[in-house]
Amino acid sequence: MPRRYEHVPSFEEQLDPGHIDYGALIATYEEHQSLCIAARTDSDFICIFPARDDSRPYCYNGRITWDASAKWASKPGWRAAHVEQVAEIMRLVSSPLAEASLGEDVERKTRRMIPNEDGHGSTETFTLRNYSAGLSGLFWRNFFGPPFVRMFGGRLASVPEDCRKPLGEELVLVQPYELPTEAGTEQGNVRERALIEQLGPECFYDHEHHTLPSRLPALDHLSKVLH
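Residues numbered from 1 in each chain as written. Predicted model: local features only at pLDDT ≥ 70, side-chain atom pairs only at ≥ 80, totals over all residues. Heavy atoms only, no water.

Student: What's the story with the overall build of the protein chain in this structure? I'm lost.
Tutor: Looking only at helices and strands, the protein chain features five helices and eleven strands. In terms of overall size, the protein chain behaves like a compact globule, its C-alpha atoms giving a radius of gyration of 18 Å where 227 residues would be expected to give roughly 17 Å. For the protein chain, buried positions account for 38% of its 227 residues. Once local pairs closer than 6 in sequence are excluded, the contacts in the protein chain between residues at least 24 apart make up 59%. Positive and negative side-chain charges of the protein chain, numbering 24 and 34 respectively, have mean locations separated by a distance of 4 Å. (Helix = DSSP H or I, 4+ residues; strand = E, 2+ residues; numbered from the N terminus. Rg over C-alpha atoms; globule rule 2.2 N^0.38 Å. Buried < 20%, exposed > 50% of the residue type's maximum accessible area, 1.4 Å probe, protein only. Contact = heavy atoms within 4.5 Å. Lys, Arg positive; Asp, Glu negative; His and termini not counted. Charge placed at Lys NZ, Arg CZ, Asp CG, Glu CD.)

Shown next as structure tokens:
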């Protein structure tokens, strides 16, 4: 149940779950162009950060994040509901991509350290700025919308059925393994590499050689609802 909110994940403001003040939530979003809503604890919250720049590639920097305890993923009912909830949000905001995994797996695949030019220390940077530059890897759950479905073409249909679930309207879930805790394990890495090989390595960031994807999704048709 939603109990706290703020424009950043500090959640200073209180909500009455029985009588939610939607006006206050909308006012916070409009004032700060961001909104975070949490349950009783900090292990379950959602944040909305729209793109602040309409020029490319920055117009694709907007994101909706949902943080939840990994223990919930051990429950089949939660996993089934998660698929439907993520797919519905993607449809509402016309999002072409959603990814779900453990926090450390996301960090490992979306960020890297590069040496400073002066030879002293290093600086953290993104592997890819956003999905307009391709895919940073495969995660526990990968929800591919129309641009990525079209980019993969017939190769997506070659993915084993136990790893692929069509969700309608050119939306497909690709899931290398059953649980998010398998990310980063030897078996999990093998499954990811096999699926990347099937879908096309040129669509993904190469973490071994730090090379960018050479095949990118066509995003020209995307609306400006929220990217």
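Student: Teacher, can you tell me more about the sheet that holds strand S10 (residues 164–166) here?
Tutor: By way of backbone hydrogen bonds, the strands of a sheet pair with one another, either parallel or antiparallel. The strand order across the open sheet built from four strands is S6-S9-S11-S10, with neighbouring strands paired in antiparallel fashion. Lying at the two open borders of the sheet, with one neighbouring strand each, are strand S6 (97–100) and S10. For this sheet, the mean inter-axis angle between neighbouring strands, taken without regard to orientation, is 15 degrees. Taken together, the three bridges between S10 and strand S11 (residues 172–174) define a ladder with antiparallel strand orientation. Directly across from Arg164, in S11, lies its bridge partner Val174. On top of the sheet, helix H2 (residues 76–93) reaches S6, strand S9 (141–144), S10 and S11; it is set at about 30 degrees to S9, its chief contact. (Pairing = 2+ DSSP bridges. Axes fitted to C-alpha atoms, helices over the stretch in contact; angles between N-to-C directions.)

Student: Please explain the layout of surface pockets as it appears in this structure.
Tutor: One simple way to see leftover space: roll a probe sized like a water molecule over the atoms. Considered as a void within the structure, the second largest pocket measures approximately 460 Å³ in volume. Along the wall of the second largest pocket there are 17 residues; nearest its centre are Glu192, Arg193, Ile196, Tyr205 and His207. Per-element tally for the lining of the second largest pocket: the top contributor is helix H5 (residues 186–199), with five residues. For the lining of the second largest pocket, the per-class residue count stands at five nonpolar, four polar and eight charged. (1 Å grid on protein atoms, 1.4 Å probe; cavity = no way out; pocket = protein on both sides within 12 Å on 5 of 7 lines; lining within 4 Å. Points joined across faces, edges and corners; volume = space filled by probe spheres on them. Nonpolar A, V, L, I, M, F, W, Y, C, P; charged D, E, K, R; others polar.)

Student: Hey, could you run me through the side chain of His82 in this one?
Tutor: With respect to the secondary-structure elements, His82 resides in helix H2. Engagement of the side chain of His82 in a polar contact is seen with the side chain of Arg141, the distance being 2.9 Å. His82 has contacts with Trp66, Ala100, Trp140, Arg141 and Phe143, leaving out every residue within four places of it along the chain. (Polar contact = N/O pair within 3.5 Å; in protein donor to acceptor, adjacent residues only side chain to side chain.)

Student: Could you clarify how one ought to interpret the packing of aromatic side chains in this entry?
Tutor: For any pair of aromatic rings, geometry is given as the distance between the ring centres together with the angle between the planes. For the structure on display, the rule yields seven aromatic pairs. Here Tyr60 and Tyr131 contribute two aromatic rings whose centre-to-centre distance is 5.6 Å and whose plane-to-plane angle is 55 degrees, an arrangement assigned as tilted. Placement of Tyr60 in the loop between strand S4 (45–49) and strand S5 (63–67) and of Tyr131 in the loop between strand S8 (122–126) and S9 is noted, with a sequence separation of 71 residues between them. Tyr131 carries the same exposure label as Tyr60, and that label is buried. In this structure an aromatic cluster arises from ring pairing among Tyr60, Tyr131, Phe144, Phe148, Phe152 and Phe204. One Lys or Arg, Lys71, reaches over the ring of Trp72 and ends 5.8 Å from the middle of that ring. The ring of Phe139 carries the charged tip of Lys109 above its face, separated from the ring centre by 5.0 Å. (Phe/Tyr/Trp six-rings, centres within 6.5 Å; stacked < 30°, edge-to-face > 60°. Lys NZ or Arg CZ within 6 Å of the ring centre and 35° of its normal.)

Student: For this particular structure, what's the right way to read the sheet that holds S4?
Tutor: Spatially, five strands are ordered S2-S1-S3-S4-S5 in an open sheet, and the strand pairing comes out antiparallel. A single partner strand is all that each edge strand has here, and the edge strands are strand S2 (13–14) and S5. As defined by bridge partners, strand S1 (residues 4–6) adjoins S2 across two bridges and the pair is classed as antiparallel. The residue of S2 that forms the bridge with Arg4 is Gln14.

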